[in-house]
Amino acid sequence: MNNYPLILSALVTCSLLAAVPKQAAAQPDLQLSVADLAAAPRTNWLTHGGSLSNQHYSPLDQINRDNVANLKAEWRVHLDGSGIGPQFSNEAQPLVHNGIAYVVTGENDAFAVSIDNGEILWRYDAPLPEDVG
């Protein structure tokens, strides 16, 4: 199986996450309004697609055609082998809030990862049966 697209996607995601302004990783502030979710993403990536309009667009301009070739990963994280079995093919877009990336694997496990250093802050193991297909 060719993992190149998955690896490339992970590198681009890590590079983009590294470009997001870093904030203190305190307790999540879950008081989000519709306006927060509808706004173009500038400091957080709160919904799939970046906002309720699902445009996958950010008005940030730190990464552009002139410097995109210079991107490099700041860190990488292994999610303890979650979701790599052949029966798991789901992919999810990380959500970012206050310096924490929330990632769900194909195995439906959820991880909170520090944007600063890639440290896994917590993990939720989904109780999927072994014979899920």
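In this text the structure is predicted, and so the values were computed from the model without any measurement.

About the cut-offs
The numbering scheme is per chain: residues are counted from 1 as the chain's sequence reads. A pLDDT threshold of at least 70 governs which residues receive local features in this predicted model, and a stricter bar of 80 or more applies before side-chain atom pairs are shown or counted, although totals over entire chains, interfaces and linings include all residues. Working from all heavy atoms in the structure, the side-chain values ignore hydrogens and water. Should a side-chain nitrogen of Lys or Arg be within 4 Å of a carboxyl oxygen of Asp or Glu, the pair is scored as a salt bridge. Segments assigned H or I by DSSP are reported as helices when at least four residues long, segments assigned E as strands when at least two residues long, and all are numbered from the N terminus. Three labels apply to residues, based on accessible area from a 1.4 Å probe with only protein chains included: buried if under 20% of the type maximum, exposed if over 50%, partly exposed otherwise in between. A pair of strands is considered paired only if DSSP assigns at least 2 bridges between the two. For helices, the axis comes from a line fit to the C-alpha atoms of the stretch in contact; other axes are also lines fit to C-alpha atoms, and the angle between any two N-to-C directions lies between 0 and 180 degrees.

## Brief notes about the pattern of salt bridges
Reasoning step 1: Overall, the coordinates contain 3 salt bridges when judged by the stated rule.
Reasoning step 2: For Asp-109, the salt bridge is made with Arg-123, and the minimal N-O distance between the two is 3.4 Å. You can see Asp-109 sitting in the loop between β2 (100-104) and β3 (110-114) and its partner Arg-123 sitting in strand β4 (residues 120-124), a full 14 residues away along the chain.
Reasoning step 3: Since its relative accessible area comes to 3%, Asp-109 is described here as buried.
Reasoning step 4: For Arg-123, a relative accessible area of 33% corresponds to the partly exposed category.
Reasoning step 5: A single salt-bridge network, built from bridges that share partners, covers Asp-80, Asp-109, Arg-123 and Asp-125.

## What about the sheet that holds strand β1 (residues 95-97)?
Reasoning step 1: Within the open sheet, the 4 strands sit side by side as β1-β2-β3-β4. Their pairing is antiparallel. The open sheet is flanked by β1 and β4, the only strands paired with a single partner. Shown here is a sheet whose adjacent strand axes are inclined to one another by a mean of 20°, direction ignored.
Reasoning step 2: Here β2 pairs with β3 via 5 bridges, running antiparallel. The partner of Ala-101 across the bridge, within β3, is Val-113.

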